[in-house]
Structures are given as structure tokens and as C-alpha cells.
Amino acid sequence: MSLILAGLSVASVGPANAAKKKYKVTYIPKNLGNPYFDAIVGGFNKAAKKLNMTVKVVAPAQAGATDQIPFIEAAIQQKVDAIAISPNDADALCPTLKRAMRAGIVVLSVNGDTTASCRQASITPTDFSVLGQYLVDQTAKLIGDKGDWAFLSATSTAPDQNAWLAGAQKYIDGGAKPNMKLVATVYGDDQPEKSATEAQALLARFPNLKAINAPTTVGIAAAAQVLSTSPLKGKVVVTGLGTPNQMRQYVKDGTVKSFSLWDPGLQGEIAANLIVQMKTKKLKPKQGLKFSITGVGPGSWTMGKDALIIAGPPQEFDASNIDKFNF
Amino acid sequence: MTSAKKTRRFALPSHLTGPLLILIIAMIYGSLGSEYFLDPASIIFNTGRYIEIGLLALALTFVIINGDIDLSVASILAASAAVMAKLFAAGTPILWCALAAVFTGFILGMINGLIVIKFGLPSLVVTLATLALYRGLTQVLLEDSVVADYPESFVGFDQRLVIGGYPGFPAPLAVFIVASIIFYFILRKANYGLLNVMTGSNASSTKFSGINVNSVRLSAFALSGLVSGICAVMITSRLGSTISNVGLGLELLAITVVVLGGTDIFGGRGTISGTVVALLAIMAVRESLVIQDINGQVQDGAIGLLLILTVLVPRIRSAIVDNRNRKKRFNEAQSQIANH
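Computed from a predicted structure; not experimentally measured.

A closer look at the nonpolar core
Counting 85 residues, the largest nonpolar core has Y27(A), M53(A), I270(A), L274(A) and F291(A) as its most contacted members. With residues near it in sequence (within four places) discarded, L274(A) still touches L108(A), A121(A), L283(A), F291(A), M303(A) and I309(A). Residues F71(A), L97(A), V126(B) and A281(B) belong to the second largest nonpolar core, which totals 83 residues.

This is the structure:
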């Protein structure tokens, strides 16, 4: 009987992996019940199936600066092989993460970073430094490089959006898309009602407006909602950055042709594979280090300053692929 | 007769049964659920995260026994931490920054007490207002910035050991034990504690017996502020950085500890031993859940449920006993009437 059982277990694990240690990984998202982080978890699980790995996902109820600390300490106590974390705070977790590294645990930050000395490598969803340029090109493609367009942003102090808008302006000032005219930048404060009002005001103020680009998930959904019930539906383009779940109905009813974000799951897949490579190949993350994962995203990466890994280019969503994504 | 006396002497104080039961059950649950739970070094080290809550709860025990409440403790902590961070960023030596934080806490606590007493307003409303006010002050001071880069000698107070070796004895736990003993003697031995209890049970009669009720209440608020200031220094050392949302929500955890420890939320009754055991109980519950990878929402829910049960079960039991006694008396009266 025991022989049969032994035979079965070997067969199910596979002869090559039978002798290997199973890696224990804890992933700590910012909080739970957030489809965006669920997509990252999905990436981890997808990779873990192929690797010899168990992934546990635990998160606090609130996204406060210190709420993740008990979960990091529990992982240290459980002697896991690696901790991947989407940190709620760049500094407050540092002493605890350093303690984990001293205990020999691999520490990676995913979709957000801590101070560089508090983790071994960091995975970021896309290259934010060229996102401003991307937003201009994204709009240009949809309106044939010609006409009036406007930005509907988050708050006027949002650091991410402001950096992208500045990048877009620099790209335009450098002579890109000379036949397009950025007529306004308005702020919906990431509130649905305010964003909708601002979108309506743009349509009223600029009769020749060809496109609204909203580089914020709240803004793009509000603008699409306004357009979907307006006679201008199909005449004015709405694009920018949004999530497939929020935008699906507007893509299906033809209000929105295409929009973008990144694929959060890719970060999970990269993290899981990188952990195994750091363990088996003794990979030491540092600037300039190259590594590759067959069949995942772009396939190979070169680490940037402070071992920063850019997961991949922005992901475009349209009617042909939107149903493959759920976040 | 003597045996009855003996059992009475060894009987567990009733306010401790609830939290002690929770503590024991949580320890068993944790040990059964995870092989990593009963690791003395980890258990002792992990207390470090709860010490600020524990200290706030000790001070709040006095405030609540007085029949008052201080909802602003976590905001006082944040404002004190902000003052400390601002001074440090301006180049002040860390020792002075720490003293300034403690002093800020004391002053903000005094302000709470003075508003409550001078204007005769309910402390619930006053400290609800200062909860927002002091947090707002913190945000004005720090904005979105982070103050980090505190000196190595200051950071990591919680990882320092008073007694080295295995499992070791970390500094925060030592602070908490010393504080508990001091608070215990104040409440039990000094007149101050008696005044607290009297004030809480009947403020007006205490006042008319020539006791200065207001100074008792004021000093409890000041103490609560002072302790919040001390906690600001401890949390800054533990995290090695300051941001404006530091300690957000700690007041509710601290009040939970006090109430779980058997202190009457309406005042007049409460003990330091209850607060200490309740802190241990909450620590055990949280640690036994987190080591089994149970998420934050469930942990919060479990604590809430335990709090309700701890408050409810004794009430239900006494209601049943009352009811039974009433029936018994009724039956006796009936039989007496029947005998006539």
C-alpha cells in the first residue's frame, strides 16, 4: 500500500522535481478585495503551477502605513523562502523587511517600491517615464494624427498624472504630432461626478474636439459614461488609462474603441520566476543584470538602477481582447 | 467554613475571567493551527508591536474610570510625532526632539481636559473634535512628506534587548511592565485611584464631599496626552520614519483593550490588571490568526465578536440569575399565602 502511495506521489510531482525542495512564498498586497491586486495574485498562481512553489496571499483590512507589518513578521516566523510585497509605505516597513532579509528571506517589492535598501529587487508594471509620450501617440492613432484634444486628469496635485502630463507636453513641444492641438487640461479630482461634469464642459466648450484622453481610471470611465448617452458618441474619441472591468460595457457599445493600462498579472509571474532563479541560480539582483523567463511577457529583462525591473510595455485593450482580462 | 474562605481567597477576580479565557483559548488555537506559533523568541519579540496600544490603554483606563473618554490619543500621538519630525528635520538633536514630543502630548492632553472641564462639555464630543483637529494639525505640519533618516542609535528601540540571549527580553516589553506596575500602584494604593473611582461612580456627590473632581479628571487627560507623546517617540523609533497617518485608528484598539479588561465604559469601575490581561488576550488572538495566514478583515471581526461576548455574557448570566431569584421569591411568597 505504501509503495503504491509513494509511486503515486512521485508520479504526480514529476521525477525531475521529486527531490527538490518546495519553495514557500508569501505575497502581501496592499489590501484584499481589490481586483487589481487579485490580478497580480493570478499571475503568481499561474507561475506557481509550473514552478515548485506554494504561494500564500495575506493582507491587512486597511491600507495604513504599518498594517502590513504583522504579516511580514508572521512570514519570518513561518520561515518562508521569499516575501513579495506591494508596500503601503516606502519607509515604515523598512526595519521589518530588513529583519526578513537578515533571516535569509528573499524580499521583492511588486507594483510599488520601498526604499531600495529594504528589498532585493523591485518590479514595476510599466515604464512610467515614457507614459506621457505614450498617451499622445495613443490619442494620435485614434484621430489620425490631426485635430483638437484635451486631457481629463485626476487631481491637479496627483504626482503620477502630473509627471505623465509634463512628459506629454515635452513630447509635443519637441515637435511631435504638429497637426494635433492640446486645447485644455481639466481635473476631475478622481471623483465620478466631478469628472463627468468636466467631460461635459469640454464637449460644450470645444465644438471641434476630437478626443478626450483621461489617464486615470475614474476619469476615463466618467468620460465614457457621458459620451455613451451623448449624440457625440462615436464622433469624439475617449481613451486613456482604465481597467477592463470598468470599461467593458463602453467598448461593447462602441463608445470607446481602445484604451490602455498594463497587465498587473505579469508582475506576479515575473516575481515568482525571479524568486526561483534567485534561489536556484544564486542570482544577485543589481543594475544591469539580465534574466529571462520563457513564455512570460517580453521574455527577458535587464534590471535598471537599484535593481528595478520594468514588467512590460503598456497593454492596449479593445473589443478583440478585453474579455481575456478580469480586473 | 475555613475551606469556603480558602476557595474565596483563591477565586479569580471576575473581570479577569473573560480575557484570561480568551488568552488561553487563543494560545491553544494558535499552537494547534501552526507549528511556528509557540516559538518563545517570536512571541516575546512580537509583543513590541502592541506596546504602544498597551500604554495608551493603561492611561485610558484612568480616563474611562472617571466616566470620561479620550478618542484623540492616536491623533495626539501623530501630532507629537510630527513635532518631533519637524524639529529633527530642522537639525535639532534627537533627544530634544523626543522631549518636545512628550511635552506636546502633555499640552494637547491638557487642552482636551481644560475644554471638557471649563466648558462642561461631554468628553466624547470634545475629543471627537480634537481627534480631527490634532490629525489635521499633523497633516498641516508634515503635508505629504516623509521624515526618515533618524540616527541609527535612535531607530529600532523595539529590536533592542534589555536581557540578551535566547529568547531575550525586548525593551518595549520592559517599558510596559514598569508602566503597568506604576499605574497599578497609582490606581490601587494612592488616593488618586480612589478619587478616580469615586468621580466615575458619582461625580456630584464626590464634589460635595469636598473633593476637587475637576483636577482628578484634568490630570487623567493630561496623563493620557503625556503617554501618547511617549508612544509617539516609541513608534518613531520602531518605524524609523514619520508620516502624517502614523498611528491611525490606534485609539479604537486601545479602548477595546480597556473595555475587554472589564473597565466600565460608563466609569466608576476598572482595574489595571484587567487592562494588562486584555492586552495579552488581544495579542494572542491576533498572533494566532496571523500565523495561520488569516486576513486582516477576519482578525478585526474576531476581536469585535470577542468584545461583544465579553461584555454580554456576564450581563446575560446575571439576568438569568436575577430572573431565577425573582421566581424563587415569587414561589416562596405564593406558598406563604397558601399556608395562611
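The structure having been displayed, the exposition proceeds.
Some words on helix 4 (residues 94-102) of chain A
What helix 4 of chain A keeps buried is the set C94(A), P95(A), T96(A), L97(A), R99(A) and A100(A). The inward-facing, buried residues of helix 4 of chain A contact helix 3 (69-77), strand 3 (82-85) and strand 4 (106-110) of chain A together with helix 3 (40-46) and helix 11 (213-239) of chain B. The positive-phi residue at the C-terminal boundary of helix 4 of chain A is G104(A), with phi of around 85°.

As for the state of the cysteines
In the structure shown here, the tally under the stated rule is 1 disulfide over all chains. For C94(A), the disulfide goes to C118(A), at an S-S distance of 1.8 Å. Residues C94(A) and C118(A) are joined by a disulfide whose S-S torsion is about 90°; by sign, that bridge is right-handed. Here C94(A) is found in helix 4, whereas its partner C118(A) is found in the loop between strand 4 and strand 5 (121-124), with 24 residues between them in sequence. Assigned by exposure class, C94(A) and C118(A) land together as buried. Free cysteine: C97(B), not disulfide-bonded; nearest cysteine sulfur from C231(B) at 18 Å.

Examining the interface of chain A and chain B
Each partner contributes residues to the interface: chain A has 25 residues there, and chain B has 25 residues. Carbon and sulfur atoms supply 52% of the area buried between chain A and chain B, which totals about 2100 Å² over both sides. Remark: the boundary between chain A and chain B carries 2 salt bridges. Linking D293(B) and K56(A) is a salt bridge whose minimum nitrogen-to-oxygen distance equals 2.8 Å. Counting across the chain A and chain B interface gives 11 residue pairs in polar contact (both at pLDDT 80 or more). Broken down by secondary-structure element, the contributors of at least two residues to the side of chain A that touches chain B are strand 2 (53-57), helix 3 and helix 4 of chain A. For the side of chain A that touches chain B, the leading source of residues is helix 3 of chain A, giving 6 residues. Taken together, the residues that form the side of chain A that touches chain B break down as 13 nonpolar, 4 polar and 8 charged.

What to know about the pairing of strand 8 (residues 209-214) of chain A
Every regular strand shows the same layout, with side chains that alternate between the two sheet faces. All names here are of chain A. Within strand 8, 5 of the 6 residues are buried, which leaves the element mostly enclosed by the surrounding structure. Relative to strand 8, strand 6 (residues 147-153) runs parallel, the two sharing 4 bridges. Counterpart to A150 in the pairing with strand 8 is I212. As paired strands, strand 8 and strand 9 (residues 237-240) are joined by 4 bridges and run parallel to one another. The partner of A214 across the bridge, within strand 9, is G240.

Parameters at a glance
Residues numbered from 1 in each chain as written. Chains lettered and ligands numbered in written order. Predicted model: local features only at pLDDT ≥ 70, side-chain atom pairs only at ≥ 80, totals over all residues. Heavy atoms only, no water. Core = buried A, V, L, I, M, F, W, Y, C linked by side-chain atoms within 4.5 Å. Buried < 20%, exposed > 50% of the residue type's maximum accessible area, 1.4 Å probe, protein only. Contact = heavy atoms within 4.5 Å. Helix = DSSP H or I, 4+ residues; strand = E, 2+ residues; numbered from the N terminus. Disulfide = S-S within 2.5 Å. Buried area = accessible area lost by both parts, 1.4 Å probe. Salt bridge = Lys/Arg side-chain N within 4 Å of Asp/Glu carboxyl O. Polar contact = N/O pair within 3.5 Å; in protein donor to acceptor, adjacent residues only side chain to side chain. Nonpolar A, V, L, I, M, F, W, Y, C, P; charged D, E, K, R; others polar. Pairing = 2+ DSSP bridges.

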